[in-house]
Amino acid sequence: MSTEVQEMPEQGEIVLATVTKVMDHGAYVTLDEYDNLQGFLHISEIAPGWIRSVNRFVKDGEKKVLLVKKVNPQRGDIDLSLKQVSKDQKKQKLKEVKKFEKGKTLLQNVQEKAKLSDKDIERLEDSIYSKYDSIYDAFIQIGRNGIDSVKELKIPKKTASVIEEICSKIKLPSVEIRGIMEITNSKSDGIEIIRKTLLDELKKDSTIDITYLGAPKYRLSITSEDFKSAEKSLKPIIADIQSNIEKKKGTFKFTREESKKTREN
């Protein structure tokens, strides 16, 4: 007889589930991250207000992000809620799942290329999780900063070499913030002053790009690994360009455009 205890989710946890059976009073689901443990989504927890048909909101085979409302370990009952999950919680959960799946694929690649046993991979996984929230996060760091950035993990040399090779091929996630610069200078050599100012700035920082849109407009864009670091870089660049333009009796105006993710991983 097996003495292994089935792991249960905690009350208040956000989980990913697959709908397995839709009924008039709710739906049964299996929890993807808990070995397909079964839970129940009552009709009153599907959506606000009166629900005429459960099928309008949940269908067999659908994936749903749900809140664990109540857990009874003795009876094995798990009550779930769809209506209490916010958009941000749903977005964050799907992002975590995506990261987990990518991390799993990366580890499989490492195992195949380095010819590692299941126990070797398990040890590697435990080591990474001791320092990082996900396998994917660790591999992204290696992709950005090289294998030496995780030397505290003490990964065997052969495995480390394979990981570094795999990480070098990962498309690193990045963001772009941008805006329109309106620059004028009425001096006889005004165009050359503007051109030199912008070229000098481009030489200082490889993360920026400046595109001529037609006098007096230029688009300034900055690419970085996240919005926080991009914003931090933007302010001194704008200040520097504005200062140099105004020193030569020119005018400067900057208008922000919508920021965006340049790669969605």
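Rules behind the numbers
Residues numbered from 1 in each chain as written. Predicted model: local features only at pLDDT ≥ 70, side-chain atom pairs only at ≥ 80, totals over all residues. Heavy atoms only, no water. UniProt positions renumbered as here; feature names shortened; annotations may be inferred. Axes fitted to C-alpha atoms, helices over the stretch in contact; angles between N-to-C directions. Helix = DSSP H or I, 4+ residues; strand = E, 2+ residues; numbered from the N terminus. Parallel < 35°, antiparallel > 145°, perpendicular 65-115°, else oblique. Contact = heavy atoms within 4.5 Å. Nonpolar A, V, L, I, M, F, W, Y, C, P; charged D, E, K, R; others polar. Buried < 20%, exposed > 50% of the residue type's maximum accessible area, 1.4 Å probe, protein only. Pairing = 2+ DSSP bridges. Salt bridge = Lys/Arg side-chain N within 4 Å of Asp/Glu carboxyl O. 1 Å grid on protein atoms, 1.4 Å probe; cavity = no way out; pocket = protein on both sides within 12 Å on 5 of 7 lines; lining within 4 Å. Points joined across faces, edges and corners; volume = space filled by probe spheres on them. Polar contact = N/O pair within 3.5 Å; in protein donor to acceptor, adjacent residues only side chain to side chain.

Looking at an unreviewed UniProt entry, one finds the chain named Translation initiation factor 2 subunit alpha, with Nitrosopumilus piranensis as its source organism. Here is the UniProt Sequence similarities (unreviewed entry) comment for the chain, exactly as written: "Belongs to the eIF-2-alpha family." Quoted straight from UniProt, the Function (unreviewed entry) entry for the chain says "eIF-2 functions in the early steps of protein synthesis by forming a ternary complex with GTP and initiator tRNA."

What follows is about the packing of helix H3 (residues 135-145) against helix H4 (residues 157-167). Closest axis-to-axis distance for the H3/H4 pair is 9 Å, and the angle between their directions is 80°. Of the possible angle classes, the one that applies to H3 and H4 is roughly perpendicular. Where H3 approaches H4, its residues Phe139, Ile142 and Gly143 are matched on the opposing element by Ile163, Glu164 and Cys167. Residues belonging to the contact of H3 with H4 are distributed by class as follows: four nonpolar, one polar and one charged.

Here the focus is the pairing of strand E2 (residues 26-31). Buried residues dominate E2, accounting for five of its six residues. Pairing of strand E1 (residues 14-23) with E2 involves six bridges; the strand directions are antiparallel. Bridged to Val19 within E2 is Val29. In textbook terms, the turn of a hairpin is the stretch between consecutive antiparallel strands, and for E1 and E2 this stretch comprises two residues. Pairing of E2 with strand E3 (residues 37-42), which is carried by six bridges, proceeds in the antiparallel orientation. Its bridge partner lying in E3, Tyr28 is registered against Phe40. Connecting E2 to the next strand, E3, in antiparallel fashion are five residues, including Asp35 with a positive phi near 50°.

A complete count under the given rule lists 19 salt bridges for this structure. Where Arg195 meets Glu192, a salt bridge forms, and the shortest distance between an N and an O atom there is 3.4 Å. Placement of the pair is Arg195 and Glu192 together in helix H5 (residues 190-204), with a separation of three residues, close to one helical turn. Taking the relative accessible area as the measure of exposure, Glu192 reaches 43% and is therefore partly exposed. Lys204 is the partner of Asp240 in a salt bridge, and the nearest nitrogen-oxygen pair spans 2.5 Å. With Asp240 in helix H6 (residues 227-247) and Lys204 in helix H5, this residue pair connects regions lying 36 residues apart in the sequence. Salt bridges sharing common partners tie together Glu33, Lys93 and Glu96.

Once that is clear, we can look at the layout of surface pockets. By volume, the second largest pocket is sized at about 420 Å³. Along the wall of the second largest pocket there are 17 residues; nearest its centre are Glu33, Lys93, Glu96, Val97 and Phe100. For the lining of the second largest pocket, the secondary-structure elements that each account for two or more residues are E1 and helix H1 (87-114). Sort the elements by how many residues they give to the lining of the second largest pocket and H1 lands first, with eight residues. Residue composition of the lining of the second largest pocket, grouped by class: six nonpolar, two polar and nine charged.

The next subject is the side chain of Glu45. Summarising the element assignment, Glu45 is placed in the loop between E3 and strand E4 (63-72). We classify Glu45 as buried; its relative accessible area is 9%. Within polar-contact distance, the side chain of Glu45 engages the side chain of Ser81 at 2.5 Å. Ignoring sequence-local partners within four residues, the contact set of Glu45 consists of Lys69, Leu80, Ser81, Leu82, Lys83 and Gln84.

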